[in-house]
Structures are given as C-alpha cells and as structure tokens.
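The lines below spell out each chain.
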Amino acid sequence: MSAVDQLLALQHDPGRYDIAPSDVQALQIEAVNERFAERIDQIPLLRNRSQSAEITTVTEAEDLVPLLFAHGAYKSYAQNWLADGRWDRMAKWVGTVSTCDSSRVDVDGIGGLDDFVDRMGSVGCYLTCSSGTTGKPAMIACSESDLEVASRANVTGLTWATGIPADGSRKLFGLGPRTRVERNERTRIALVEAFSTEADSYQLPVAPISVGSIMAMIDLRHRIADGAANPSELAEFETTSAARQSEMETAIAGAIDELVAARDRKLLLTGMFASLFQVAQDVRAKGFSGKDFRADTALLVAGGLKGAALPPDYREFIFDTFNIADERVYHFYTMQELNTPFPKCPGGRYHLPPWVLLLPLDEPGEKLVDTTAGPIQARGAFFDLSLDGRWGGVISGDRIDADFGVCGCGHQGPTVGPDITRYADLGGDKITCSGTIDAYVRGEA
Amino acid sequence: MSTATALAAPFIIRGELIEGNADRHRSRDLGVDFATPAIDLDVLVTPRQQLPPLLDVPLTEIVDFLAETGQRLALDANPHMQRCLDLVAETNPLPRRVVENLYRTAPELLRRDNLWAQVESNFADPAVLDGWVTRTDAAGNTAAIRAFPPRVVHMLAGNAPAGCIASIAQGALVKAVSVFKMASSDPFTTVAVLRTMAEINPKHPVVQSMSAVYWAGGDESVERTIYRPQYFDKIVAWGGGPAIDNVIKYLGPGIQLVSFDPKSSISMIGREAFDSEGILADVAERVAADTCVFNQEACLASRFVFLETADRGQARRFCTQLLARLGVDRTFGSAVAPLPSADIRDEIEVMGAMGDELEVFGRFDGRGMVLLSDEPVEFHPSNKISNVVMVGSLDDAVRHVNVATQTIGMYPYERKTQLRDALASAGGQRVCRVGTANGHVAGGPHDAMYPLARLVHWMGDDDVLGADANPVLPAQL
C-alpha cells in the first residue's frame with residue numbers, strides 16, 4: 001500500500017483527529033514524494049518550479065516550500081481571454097496549473113464561460129470559482145475524486161465536531177443562494193443525503209449563481225475601466241442587481257414562513273452569517289424566538305463575514321433566535337484551493353487530519369517558521385494529500401495561529417486557532433502616487 | 001518589536017516640537033513600530049475667526065524664507081535631516097542611498113526660480129496672492145479679486161520621502177494654513193523640515209501656518225471629527241489606495257479633494273530606435289532610466305513599453321538590452337530592488353510556463369525583468385518589471401492610454417507632436433522625451449491641473465455700476 005493510500009485510509013478512522021504529528025511525519029513526507037513524482041509530469045507549473053528551485057525529491061518539509069503554489073496561481077489567467085472568448089487559452093491555462101489534460105477539450109463553438117465550464121466538466125475537469133478580494137476570481141480545477149473527498153469530508157467533519165449522526169432525521173434549511181458550481185452542489189447534496197432527505201429539505205428558491213454570471217460582473221468592471229462600457233449597460237446592470245435583490249427578499253420571506261412552520265422539527269440550518277442574520281431578524285419580527293425552536297437545532301456556517309457589516313453580537317443574536325447551543329454548531333476552516341475542511345473542536349481550534357500537512361511560513365511565504373516552542377503566528381500553508389486534480393501544496397493569504405501541541409480539547413495533531421486574518425486586510429494605511437485605472441471605477445460592479 | 005525599539009516620531013505644531021510616546025503605530029510597508037505623542041485635535045484646527053498668519057506677508061518674503069530653508073536643508077550640515085535619514089531607512093522600502101539622494105534635492109526644490117515658476121504658471125497675475133487685484137469688465141463694472149489663503153490638510157504619500165518638501169512649498173506659496181498628515185512609511189521627514197524652518201525663525205508666519213502629525217489613515221476618531229468644511233477647505237491627497245477611499249466619504253459642500261490621483265506611466269518607442277545599434281542602446285538605457293525611478297515606486301516610472309515593430313527578433317534584442325540596463329545602480333534607484341509580490345510572481349511564472357504567452361527576460365533576483373507580449377499584462381508591473389508590448393504602429397498604442405496614464409516617454413521625440421492630441425484625448429497627462437520622465441520643466445501642470453490655483457479660496461469684491469441688477473418688472477396690465 002502506498003504512503004498516500006495509507007494516510008487516505010485514515011479518512012474512515014474515528015481516531016483520525018487524534019494522531020501525534022511525529023507518528024506520521026515520515027509517512028507524510030513519503031506520501032508527498034509519491035504525489036510529487038506523479039504530478040511533475042502532469043502539471044507544467046510544478047515542473048517549472050521543480051527546475052527553477054532545483055528540487056527533485058522532498059527529504060524534509062523545508063524542501064516543499066519552494067514547490068508550494070501561492071493562492072494567486074489559480075487566478076493567474078488573463079481576464080481578456082474570457083472577454084475575448086479565447087477558450088483555447090483558458091483551456092491551456094487550466095492544463096498548466098492542474099492535472100487536467102486540457103488538450104482533450106474541444107473548445108469549438110463555446111458560447112461563454114458557463115459553456116466552457118460545462119465543456120471542461122465533460123472531460124472530468126470540474127471548475128470552481130471563488131471571488132477573491134482583488135476582484136479577480138480564482139478558477140480551480142477539481143477531479144471527480146476531489147468532489148467526492150470534499151463532499152464526504154464535510155459530512156464526517158460535521159459529525160466529528162458536533163456528534164450529530166448522519167441518520168437523515170433532520171429537516172435541512174439551505175438559507176444561502178445556491179451556486180451552479182459542481183463542487184458546491186455536490187457538497188450540498190452530500191449534506192442533504194446524510195442528515196436529511198432531498199424531499200424533506202428546504203432550499204432558498206433563488207436562481208443559482210453560475211461561474212459565468214460572477215465573471216460577467218467582473219468583466220463589466222473591466223469594461224468600465226477601459227471606458228468601453230456604455231451608460232445604458234451600466235443602467236441595465238443596476239436594474240438587474242435591483243431585481244436580484246428583490247427576488248432575494250421575496251425568497252427570504254418565504255424561508256421565514258417555512259422555518260416557523262417547521263419549528264417543532266429537528267433542524268439543521270446552513271448558510272453564511274450575513275444571510276442567517278437577516279433571517280433571524282425577520283423571524284424575530286414575526287414574534288418567534290429561541291423558546292419556539294427545539295433545543296437540538298444544529299447549524300453549519302461557512303465562511304466569515306465576507307465584508308458584511310453586522311452588529312458585534314450577531315452570533316448570539318442568531319443562536320438565541322433559533323435556540324442553537326454552541327456544541328451543535330459546525331464551524332470549519334478551509335479554502336477552495338484545498339479539499340479537506342478542518343472542523344472546529346469544543347476547545348475552539350480547527351483540527352487537521354493526518355493527510356494534510358500544516359506548513360506555517362513567515363509572512364513573505366518563503367521559509368518555514370520554527371514551531372518547537374509552541375503556538376506561533378504564521379502564514380498558513382498546507383499540503384493536502386487527498387488532492388487529485390491539482391497540486392496539493394498551497395500557500396494561503398491567511399495569517400493563522402498554528403500549533404502542533406495537544407489541543408485543549410484533548411486531541412493530538414496540528415491545529416489552527418480561531419483568529420484568522422487575511423494579510424490583505426491588515427493595514428489600510430497605504431497611500432502611494434502610483435496606481436492603476438482600477439482605482440477609477442465606481443459602483444457595484 | 002519591543003517597546004524599547006519603537007522609533008520616536010514627534011509632531012510639530014506651528015513651530016513647537018511635541019514629543020511623547022502615547023500612541024504606537026506600525027509602518028505599512030516594513031512593519032516597523034514607531035511611537036507618537038497623543039494627538040490633540042483642537043490644536044490642528046485654526047478657528048475661522050482668525051485670519052491666516054500669512055495673509056499679509058508678501059510672497060517675495062515667503063519665497064525668500066523657503067529658499068533659505070532649502071539652503072539649511074543641505075544634508076551634510078543638517079542634523080535633523082541626517083537623523084531622519086536613519087529613521088526613514090528603517091520604515092521606508094526605498095534603499096537608504098536613494099532616500100539620501102532625494103534629500104539632497106531639497107535645496108533644488110526650494111530654489112527661488114523654481115518657486116516663482118510655479119506661482120507664475122498657476123496665476124495669470126500673482127498679485128492676487130498678495131492683495132486685492134482690480135479688474136474691469138466690458139460694461140465697466142469693477143471687481144477686486146483675491147486668491148485667499150485656504151485651510152488645507154495635505155495627505156502625504158509614503159513612496160516619496162522628499163515629496164513633503166514640495167507640499168510645504170505649495171502650502172506656503174498659497175499662504176495656506178496647513179496640516180500635514182504624514183505617511184506610516186515616513187512619519188519623520190516633514191517634522192525634520194519644519195524643525196529646520198523653526199530654527200531659522202520660530203515666529204515666522206510660514207512656521208506659524210504649519211503642523212505635521214501622524215494618525216493611521218482611516219482612523220475615524222480623527223478623520224470624522226476634523227474633516228469638516230467648518231475646519232478645512234481642501235484635502236490634498238498625493239495618490240490613491242485605501243487611505244483615499246476613506247477620505248472620500250467626508251467630502252461634501254465646502255470641503256473638496258484636490259487629488260493627485262494614482263497614476264502609472266508608459267514609454268512609446270518608434271521603429272526609428274532600430275536605425276542603428278548605437279540608437280538602440282541609447283533608447284534601451286533611457287527606457288530603463290524611466291522605469292527605475294524610485295525602483296519603480298513612482299507614478300512617473302514607466303511600466304509598459306509600446307514598441308513599434310512586427311519583428312520578434314528585433315523586439316527580443318530590445319528586451320535583452322533593456323534588461324541589462326534595469327540592473328544598474330542609479331541616483332534614484334538601486335541595482336537590486338525588492339522582489340515583486342507573490343501574486344505577480346505567480347502570474348509571470350504561470351504565463352511563462354504556458355510557453356506561448358509571455359517571453360520572460362531575467363529572473364526573480366531583484367535586478368529587473370522584461371516581459372515581452374502582444375497585449376499588455378493585466379497586473380501592475382512593479383519592482384523593476386517592464387512589459388514590452390509589440391505594436392504595429394504607435395497609433396495602436398494610444399488605446400492603452402487612459403485617465404490613469406500620467407507620463408508618456410516617447411522616442412523619437414518629434415513624434416510627440418504628432419501624437420499628443422490623441423494622447424490627451426485618451427486621458428494622458430504629460431508626454432516627454434524618453435529618459436527624462438523624472439525631469440520637469442519648472443512651472444508645468446501636474447496630473448492635468450494647475451494645483452495652486454485649485455487650492456486657493458477665490459474671493460470677489462464686486463462693484464456693479466448699474467443701480468439694480470434685479471429690477472422690478474413693470475406691473476402687468
């Protein structure tokens with residue numbers, strides 16, 4: 001059995017979050033080398049890296065650092081390829097940063113980005129799209145196996161963190177908009193099938209957002225910057241945004257009624273804090289609150305605030321509204337660039353399983369930092385051995401608190417503390433006379 | 001960094017040095033801690049009932065005082081500037097030697113002829129700064145006009161440590177009451193310059209009109225309080241970024257932003273550059289000189305080169321020569337500069353790995369890189385990266401010029417005349433001979449405006465001769 005397979009076999013092991021780092025260290029390095037040997041011929045960017053860094057084998061974690069891809073690698077395409085419909089370029093780019101053999105993709109007659117995403121999917125290369133802070137979304141390729149791993153890990157993570165069994169007995173509420181992104185959809189379905197049923201679950205009825213529609217918005221922004229957008233296009237965009245907003249409000253009103261009607265059921269709520277807060281406010285406005293909901297309500301909440309401005313007590317407000325106890329909240333930390341979510345324990349830290357290496361780096365992302373003295377603030381970097389469609393090594397934009405010691409909850413293994421900050425959000429005090437036309441674009445786009 | 005090592009960054013309020021370490025801050029670029037006194041908002045504001053201290057001081061006297069300040073700023077004889085150089089070297093990403101060379105330009109910046117050139121190009125009749133100037137219209141009405149001193153906050157940029165000297169001169173020339181908000185990557189230079197002035201004469205009205213302080217850009221407790229038309233007429237911002245986005249929400253009737261917007265600059269090189277090896281070498285050196293100003297941190301530093309050729313072999317020769325010239329030491333740039341951000345490195349690396357998008361000359365060693373492509377790259381080249389874009393004709397390059405394009409360095413020089421209307425129409429602000437981006441003709445406009453004329457409060461005292469400008473209409477029958 002290969003080292004990779006040995007570690008991935010632990011996905012089904014109940015003790016997977018209680019393994020001392022030193023017990024698996026050697027096996028992890030062996031597994032990284034197996035992945036490296038396989039991927040170097042599949043991912044041109046990795047091949048380049050290996051040549052320029054003159055690294056052909058990883059003997060210790062330090063050797064891995066020059067081989068990691070910064071999160072920016074997945075947004076390194078040229079946006080004008082999208083605007084100009086140069087799908088051959090896009091396909092070639094996907095093939096440069098992932099294991100996808102994009103030469104198998106027929107790009108003839110592709111009508112737009114959604115079409116392109118479908119065409120890539122037809123050869124087993126599923127693209128997800130994340131909106132970044134800089135406005136240029138990452139485009140991340142997943143294989144079939146990545147979708148399976150990611151969706152299953154979410155289910156097992158929830159059970160590990162909250163003790164809630166995957167017995168299909170809950171009514172699940174999807175309180176955020178759905179996306180037409182294969183990975184997100186698979187993850188949603190896995191949750192529904194594990195903890196509820198398709199028939200007994202509720203999904204906010206708004207049209208799913210596609211990768212193409214996100215990108216169209218970004219493209220408009222570029223056209224405004226270039227001076228190529230007409231005033232009528234801008235006006236139309238604002239009308240569309242207003243219509244979407246109003247559709248959302250109608251849908252939320254419907255969701256409130258459903259929630260109130262199902263208040264004597266065992267619930268699992270899912271969504272982001274911003275939409276959950278709005279729902280909670282509306283439920284209160286109808287005169288319902290914690291005493292009306294069962295004491296075993298569970299919550300899965302993804303992501304941070306994503307720029308939404310909420311009052312400081314938004315968590316308490318949401319939890320009190322639905323009678324949610326802390327131990328039945330599933331928080332996790334992950335990023336689109338990885339497969340594996342890291343569930344939060346009752347001690348408040350995020351736990352990494354043994355098939356993911358935690359690699360705390362200095363701020364520039366160039367060197368491993370010394371963790372022997374205990375917890376340390378560092379730039380988060382990871383190697384996710386479960387990744388199949390792309391390289392497992394990723395440097396994030398997050399400042400994390402990393403620890404390899406035993407967690408307060410009693411479990412062994414690497415953990416990440418609750419305070420996670422994007423480096424991009426640190427310090428807004430920069431003023432410089434050099435800049436680009438991006439600073440001249442006003443409005444929602 | 002521990003408390004013991006926080007650098008002391010005192011304030012200066014109308015000639016009085018204010019020391020203290022009540023507040024600690026961290027510099028944006030290098031993460032160095034510095035300590036400042038607590039900020040007293042009341043002293044930053046001059047009540048409107050008080051006339052500005054410089055109101056009745058003749059401009060000639062102000063220019064004399066600035067010119068003397070220039071002499072006193074000579075680095076070798078000025079302990080404040082010497083100490084400041086040590087401090088800025090710790091907080092600013094520019095190499096110490098470059099900061100030193102910038103400081104050495106101070107006497108030049110404050111030379112009499114430079115100051116007068118600014119005044120005379122901004123004001124048709126500079127007498128409006130010294131008193132009420134009468135003019136008469138065609139109907140014989142007369143008006144007395146005065147360019148009245150404004151109350152100004154200057155938000156200084158962090159990327160040019162000598163920039164504050166130009167701002168101090170601007171403030172003094174329009175007789176403004178000025179508050180200088182220093183940048184976290186240089187919370188020292190303005191205070192050193194104002195201290196030098198105060199040592200000449202602490203009671204001089206120029207000194208009595210100026211204060212320099214630091215607060216973290218965007219700090220609501222300061223900005224929401226003082227950015228009001230009751231206190232200030234104008235906020236002058238050198239550049240863009242989150243610090244400016246914060247200011248915009250305080251603008252409204254009576255308080256305006258005079259913005260030197262964030263800019264980038266380009267070079268346009270005609271096919272004549274290939275007429276001989278000697279010309280090619282000269283043009284490559286000139287493009288490199290324009291690219292490396294402040295290690296490409298300056299807005300006037302070239303980032304894109306539009307090269308008029310369809311011959312890739314020719315373009316490669318140019319790129320090779322340009323790369324060699326990027327890696328040399330210059331007065332205002334260093335042979336080895338800090339590396340670009342990881343995002344930019346990723347993009348260059350991936351495009352390079354695709355094999356047919358970007359041709360990459362050089363490596364990530366700080367000595368500069370040249371990227372040859374058919375379309376401009378989408379990122380903002382910085383840290384000595386030049387993107388050479390092949391164009392069929394320089395006319396084709398005009399579509400890449402926009403309102404963010406400041407300086408356009410051109411070869412051959414004669415083609416400026418042919419292209420300047422189209423460049424202005426596209427939004428460009430200045431066209432110059434390639435290789436001279438960092439030089440200026442004294443008294444020229446900046447970012448498509450004459451800033452001094454925009455800073456003043458234009459006041460009119462009208463003597464309309466007609467009995468009544470709004471007479472009663474005859475009663476309707």
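Residues numbered from 1 in each chain as written. Chains lettered and ligands numbered in written order. Predicted model: local features only at pLDDT ≥ 70, side-chain atom pairs only at ≥ 80, totals over all residues.

## Here we look at the overall build of chain A
Heads up, the rule is: Helix numbers and strand numbers start at the N terminus; a helix is a DSSP run of H or I with at least 4 residues, a strand a run of E with at least 2. Within these notes, the globule rule equals 2.2 Å times the number of residues to the 0.38 power, and the radius of gyration is based on C-alpha atoms. Residues with at least 20 other C-beta atoms within 10 Å of their own are called buried, those with 12 or fewer are called exposed, and the rest are partly exposed. The C-beta atoms themselves are positioned from the backbone. The contact rule is simple: place each C-beta atom from the backbone, and if two of them lie within 7 Å, those residues are in contact.
Helix and strand counts for chain A come out as 13 helices and 15 strands. For chain A, the C-alpha radius of gyration of 22 Å lies close to 22 Å, the compact-globule estimate for 445 residues. Its C-alpha atoms give chain A principal-axis dimensions of roughly 65 × 60 × 45 Å. By the burial criterion, 42% of the 445 residues in chain A qualify as buried. A sequence separation of at least 24 residues applies to 73% of the contacts in chain A between residues at least 6 apart.

## Some details on the sheet that holds strand β5 (residues 33-36) of chain B
Residues and elements named next belong to chain B. Stated formally: If DSSP finds at least two bridges between two strands, the strands pair.
Read from one edge to the other, the open sheet built from three strands follows the order β1-β5-β4, with strand pairing classed as mixed. Taken across any chain shown, the strands that pair with only one partner, and hence form the sheet edges, are β1 (7-8) and β4 (23-26). Pairing of β1 with β5, which is carried by two bridges, proceeds in the parallel orientation. Its bridge partner being in β5, Leu7 is matched across the sheet by Phe34.

## Details of the packing of helix α3 (residues 44-53) of chain A against helix α15 (residues 342-354) of chain B
Let me state the cut-off plainly: Where helices are involved, their axes are fitted lines through C-alpha atoms of the stretch in contact, as for all axes, and angles between N-to-C directions lie from 0 to 180°. In these notes the angle categories are as follows: under 35 degrees is roughly parallel, over 145 is roughly antiparallel, 65 to 115 is roughly perpendicular, and the rest is oblique. Under the scheme applied, nonpolar residues are Ala, Val, Leu, Ile, Met, Phe, Trp, Tyr, Cys and Pro; charged residues are Asp, Glu, Lys and Arg; polar residues are all the others, including Gly.
Contact pair α3(A) / α15(B): the axes reach a minimum separation of 9 Å and the direction vectors enclose 110°. As far as their axial angle goes, α15(B) and α3(A) are roughly perpendicular. Contact residues: A:Pro44, A:Leu45 and A:Asn48 in α3(A); B:Glu349, B:Val350 and B:Ala353 in α15(B). Its residues assigned to classes, the contact of α3(A) with α15(B) comprises four nonpolar, one polar and one charged.

## Some points on the domain arrangement of chain A
Residue and element names in this part refer to chain A. So the rule is basically this: Start and end points for every domain follow an automatic or database-based domain assignment.
Each assigned domain of chain A is listed here: domain 1 (3-144 + 353-425) and domain 2 (146-334). Placing a centre on the C-alpha atoms of domain 1 and another on those of domain 2 gives a separation of 26 Å. On the domain 2 side, the residues contacting the 26 residues of domain 1 number 19 residues. The residue makeup of the side of domain 1 that touches domain 2, split by class, is 13 nonpolar, nine polar and four charged.

## What about the domain arrangement of chain B?
You'll often see interface size given as the accessible area lost when the parts meet. All names here are of chain B. In terms of domains, chain B is made up of domain 1 (3-261 + 447-461) and domain 2 (264-433). Between the C-alpha centres of domain 1 and domain 2 the distance comes to 33 Å. Taken residue by residue, the interface counts 11 residues in domain 1 and 11 residues in domain 2. A class-by-class count of the residues in the side of domain 1 that touches domain 2 yields seven nonpolar, two polar and two charged.

## Remarks on the sheet that holds strand β4 (residues 171-174) of chain A
Residues and elements named next belong to chain A. The six strands are arranged β5-β4-β6-β7-β8-β9 in an open sheet whose pairing can be described as mixed. Taken across any chain shown, the strands that pair with only one partner, and hence form the sheet edges, are β5 (202-203) and β9 (342-343). Bridge count for strand β7 (residues 297-301) against strand β8 (residues 324-333) is four bridges, and the pairing is parallel. Bridge pairing in β8 places Val301 opposite His331. The strands touched by helix α8 (residues 144-162) within the sheet are β7, β8 and β9, with β8 carrying the most contacts at an inclination of about 140°. Helix α9 (residues 182-195) contacts β4 and β6 (267-271) of the sheet and is inclined by roughly 160° relative to β4.

## Digging into the pairing of strand β13 (residues 264-269) of chain B
All names here are of chain B. Applicable threshold: The crossover handedness rule: strands pointing away from the viewer, path from first strand over the helix to second strand clockwise, crossover right-handed.
Taken across its six residues, β13 has six buried, putting it largely inside the fold. The pairing of β13 with strand β18 (residues 405-411) spans five bridges and is parallel. Counted as the bridge partner of Ile266 is Ile408 from β18. By the bridge criterion, five bridges tie β13 to strand β14 (residues 302-308) in an arrangement that is parallel. Bridging across to β14, Met268 finds its partner in Phe306. Running through helix α13 (residues 277-291), the crossover from β13 to the neighbouring parallel element β14 is right-handed.

## Looking at unusual backbone geometry
All names here are of chain B. Of the consecutive residues Tyr411 and Pro412, the connecting peptide bond is found in the cis state with omega at -10°. The residue Pro412 is located in the loop between β18 and α17 (415-426) in this model. Positive phi values are uncommon outside glycine, yet Phe294 reaches one of about 50°. Phi is positive for Asp447, close to 50°, though the residue is something other than glycine. Inspection of the secondary structure assignment puts Asp447 in the loop between β19 (430-433) and α18 (451-455). You can call Asp447 partly exposed: it has 18 C-beta atoms within 10 Å.

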